[in-house]
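# Descriptive analysis of the structure
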Amino acid sequence: MIFDGHEAYRAANFKPKVCILGSGPAGTTIARKLGAAGIPVVVLEAGSREYSDESQDFYRGTTAGDFYFDLDITRLRYMGGSSNHWAGWCRVLDKQDFEPKAWAPDTGWPIRRADIEPYLPEVHDILELPDFRPDVPISDDIRWVQLIKSPAVRFGEKFADELDKSRNIAVVLNTYATELAGDGKRVTGAKLWSNGQDAGPFSADYFIVCTGGLENSRLLLWSNQRSNGGVIPNATALGRYWMEHPTFEGGNAILADYGEFEVDAVNEAFFSPTLAAMERLRIMNFGIRLIETPYAGVKHVIADLACTAPDMAEWVAYQLSQNLRCAAQLYVAWEQAPLASNQIKLSKTDVDHAGVPRIELHWKKSELERRTLVEGLKLFGTTLIEKDLGRVRLMDWIANGEDYPTDEETAGHHHMGGTRMGTDITRSVVDANCKVHGMDNLYVGGSSVFCTSGQANPTTTITALACRLGDHLSKVVAV
Amino acid sequence: MSFFRKMSRRTLVQALIAVPALSLFRKRPEADAARTGPSRGDPSPGDPDEIVEINGWILKRSDLA
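Every value quoted in this text rests on a predicted model; they were computed, and no experiment measured them.

Another point: the overall build of chain B. A count of helices and strands for chain B gives 2 helices and 3 strands. The secondary structure elements of chain B, listed N-terminal to C-terminal, are α-α-β-β-β. Put simply, chain B has 65 residues, and 22% of those count as buried. Across chain B, contacts joining residues at least 24 apart in sequence account for 12% of those joining residues at least 6 apart.

This paragraph deals with the domain arrangement of chain A. All names here are of chain A. Segmentation of chain A into domains returns domain 1 (2-50 + 73-129 + 151-245 + 339-344 + 414-478) and domain 2 (246-334 + 366-403). Placing the centre of domain 1 and that of domain 2 at their C-alpha centroids yields a distance of 37 Å. Contact with domain 1, which involves 11 residues of that partner, is made by 13 residues of domain 2. When its residues are assigned to classes, the side of domain 1 that touches domain 2 shows 4 nonpolar, 4 polar and 3 charged.

Turning to the nonpolar core, a few remarks are in order. A general tendency of soluble globular proteins is for nonpolar side chains to be buried together. All names here are of chain A. Ranked by size, the top nonpolar core spans 148 residues in total, and within it Ile20, Ile30, Ile208 and Leu305 carry the most contacts. A total of 7 residues in this core trace back to one element, the largest contributor, which is helix α12 (residues 459-478). Residues within four places of Ile30 in sequence aside, it is in contact with Ile20, Ile208, Cys210, Gly445, Ala466, Leu469, Gly470 and Leu473.

Quick look at helix α2 (residues 25-36) of chain A now. Note that an α-helix has 3.6 residues per turn; residues three or four places apart therefore point the same way. All names here are of chain A. Taking 1.5 Å as the rise per residue, α2 with 12 residues should run 16 Å; its terminal C-alpha atoms sit 16 Å apart, in good agreement. Most of α2 sits out of view: 11 of its 12 residues are buried. Remark: Gly38 follows α2 within two positions and exhibits a positive phi of approximately 80°.

Moving on, we get to the sheet that holds strand β12 (residues 197-202) of chain A. Residues and elements named next belong to chain A. Across the sheet, 3 strands lie side by side as β10-β11-β12; this open sheet has antiparallel pairing. The open sheet terminates on both sides in strands that have one partner only, identified here as β10 (175-182) and β12. Strand-to-strand twist in this sheet, taken as the mean axis angle between neighbours without regard to direction, amounts to 25°. In this sheet, β12 lies alongside strand β11 (residues 187-194) in antiparallel orientation, the contact comprising 5 bridges. Residue Leu192 lies in a different strand from β12, and its bridge partner there is Gly200.

What counts, and where the lines are drawn
Residues numbered from 1 in each chain as written. Chains lettered and ligands numbered in written order. Predicted model: local features only at pLDDT ≥ 70, side-chain atom pairs only at ≥ 80, totals over all residues. Helix = DSSP H or I, 4+ residues; strand = E, 2+ residues; numbered from the N terminus. Buried ≥ 20, exposed ≤ 12 C-beta atoms within 10 Å, placed from the backbone. Contact = placed C-beta atoms within 7 Å. Domains from an automatic or database assignment. Nonpolar A, V, L, I, M, F, W, Y, C, P; charged D, E, K, R; others polar. Core = buried A, V, L, I, M, F, W, Y, C linked by C-beta atoms within 7 Å. Expected span 1.5 Å × (residues − 1). Pairing = 2+ DSSP bridges. Axes fitted to C-alpha atoms, helices over the stretch in contact; angles between N-to-C directions.

Written as structure tokens, this is what we have:
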């Protein structure tokens, strides 16, 4: 069932056991799992079926620290959430991403990759993915990994009919909780806002917050403030350890044979470090995306190489005349170490139309991130030399140690952390089952529970964690 | 047929690279050579397999011929 507002929903007299806030990949996946288990669930979606400026305005906020995107641009507030603008790149986090790293504090998850692997076939159905091939080691340091570009499933579009026909799932559009109330043990209710006005109190046995990697922290910070700590009793880490995937053009590669790695439909290949290389260089995970360089760009690269290594440039020119494609652009997206100082705060001066404080995002890349970028590219370049596959050139700003440019991709629009998973209540917000520490009926879904970001785009892991949480809740709620 | 159409693609590319290559006469790249990458023993400055970073390029010293 899908309702256009709370009034119509209330008239239907639906009695949910579970309330899910948000209809993005996490919220929709959990709702479908619970619905399939025969558990009545209501999904509150703040937006409608389509984008609107009025809805999006609730996402405005400010940023401090490194340059970052406007907060009402980097996410979407309507049915399906930010799946409505994702590019479709898929890969679940690496096994090594779940492990603690001695050189990076606050890394390591309370679960392992093996805990979500049983859900990957289900995730592949949801995201319409083929099977992944295993990683291919091309040296002791570098793995040739696979990211697959899915059809970029828009969850609102794909599942609208199914949700509308479901007798166990009610989706209420234009409706959301401005705050949750709690007594330090349980969420006791919520205040709703629907179609531009206060819609009164609301209750359910369980609440699952799936409003996105920025909004989850905002809602819980505000709720906790309003209920004097009754929603997140252990709030030290709330809003903290926020992470992105810094993303910049890192340089160029000249390849002996471009076809060596050409497997993806979009003619791109991806490379990541081995755990041994990360340990030796004390760096985080990274992904180098190798993209065929346009012909004009190849000429520029060869001309530049001619200044440094003319014989090599002549050889490359010969290669170019043979196959016209021997150079590539290298884009790097890499893992950001979790830092408590990278955090979401509530504005003290600016509120949205419902009176909820807007977000102040404090985000800065550290020296560890810079080292990961530089050493990662050098590692890739060294590997190409050792395997006689080609040569790498770093972008000038990287080679010269200059500041990050502000006219490039910057980051992946991947919002992670803020309500991270863990066992230490001073460094995490939810436990291994995504349940808020100390609360009996409050759970969190989505990338805000990520402890570390790895290098892979988050949607695959978000969906896998949502399947796992859906299964867990099915058992808990059915009792 | 124009002059350019009579030239092979390879000749055109080599002509293209010739102009920037003139900078070699103004600047000796070896002077900027710096070791890079993980420890590789203790190669002498003349080791042809030594990894060097010059003008942003990650190269083998033997590439600098």
